[in-house]
Amino acid sequence: MSRPSHTTLQQRLSEGVVLGAEGYVFELERRGYVKAGPFVPEVILDEPDALRQLHRDFLRAGSDVMVALTYYAHREKLRDVGRADDLEQMNRQAVRIANEIAAEGGALVAGNICNTWSYDPTDAVASGAVVRAQYEEQLGWAVEEGVDFVIAETNDYVGEALIGLEVCHELGLPAMVTFASVQATTTYDGYDYVEACRILADQGATIVGLNCSRGPQTMLPLLERIRAAVDIAVAAQPVPYRTSPVAPAFESLASADGLHAFPIALEPFQCTRFEMAEFAVRARDIGVDYVGICCGAGPHHVRAMAEALGRTTPASRYSPAIDLHPVLGAPRVVGQEELMGGWTAAEA
Ligand SMILES: [Zn+2]
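Here's what I pulled together on the structure shown here. Predicted, not measured: the structure shown is a model, and the values here were computed from it. (Residues numbered from 1 in each chain as written. Predicted model: local features only at pLDDT ≥ 70, side-chain atom pairs only at ≥ 80, totals over all residues. Heavy atoms only, no water.)

Cis peptide bonds are those with omega within 30 degrees of zero, and the linkage from Phe262 to Pro263 qualifies with 0°. For Pro263, the location among the structural elements is in the loop between β7 (233-237) and α11 (273-285). Phi angles above zero are rare outside glycine, and Thr154 is one such case at about 55°. Tracing the backbone shows Thr154 in strand β4 (residues 149-155). For Thr154, a relative accessible area of 8% puts it in the buried group. If you check the backbone angles, Ser213 has positive phi at about 60° while not being a glycine. Tracing the sequence through the fold places Ser213 in the loop between β6 (207-211) and α10 (216-229). (Helix = DSSP H or I, 4+ residues; strand = E, 2+ residues; numbered from the N terminus. Buried < 20%, exposed > 50% of the residue type's maximum accessible area, 1.4 Å probe, protein only.)

So this is what it looks like as structure tokens:
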């Protein structure tokens, strides 16, 4: 097995917060390279330069990890869009591209698996075998192409997450296992999200936590409970959208006239870079070790998060200097609170 980075994930974690950046599928959909609905990353083979550029954008913005875009590049999904024959080539090329760009900035390379939509807790043995076969083939190729660790994410079921973790262990790969938190308190197989993380930690995950679904405001309270429940590293990769106690997950955000905002009309709920920077600091302060961002992320969010954590990134050369603008640089007419989108720490 080849491992691309000079340092290991554990070494990086011991040095301080690891900054991640995801949301490749959403951003490439906005840029016109992924079809909303199936959300299959055909871009890997069809427009590889578009994928390279987004990796580079996140790397320049300060991400410590290049995540191979194999999300939804599993057998089941590719069959849905008539590209089953491209399965191996698509997975291998995604890892190669992540490696290629990671080498430009010394980033870690993560293989990626996700919820498969194949798992059925009422038929866990048979459906679990189908899930396992998909993870084994995806991660088998990832190992051959070279990854430092695996991000197994957007898990809806503890049962499916455990299969992903087992396959990582069989391949000798450290695993970061994170749950989507679509429902109020429990996974779809009935485990409290905190308990779900504790089970994965007990079974040997390197990092556990949450990704996707929740924005900063509704993810932070859960993160505090997870941090208190496990003694391994914790990950948090929220979506940059203003979820609230009324709509704790972005899947349930709706416009004033009741129309679904998810997944392609979410802009009215978008967090500013300042809100994501504030999240990064608050997550670090409660002891989150891997701070990132998921669907909806732009490089401007990632750079603001990196800078809030005290870093200077390659893209910091072009960080805002609003005071140099002839009009906007005039004495401020709105308060800092308004600049932050009206969301303050006290409300969270
Ligand atoms: Zn996401």
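This paragraph deals with the coordination of the zinc ion. The protein atoms that coordinate the zinc ion are Cys212 (SG), Cys294 (SG) and Cys295 (SG), at distances of 2.1 to 2.3 Å. Mapping the donors of the zinc ion onto the primary sequence gives the spacing C-x81-C-C. Residue Cys212 is found in the loop between β6 and α10, and its partner Cys295 is found in the loop between β8 (290-291) and α12 (299-308); the two are separated by 83 residues along the sequence. As far as the burial class goes, Cys212 and Cys295 line up, both buried. (Donors = N, O, S within 2.8 Å, 3.2 Å for Na, K, Ca; no water.)

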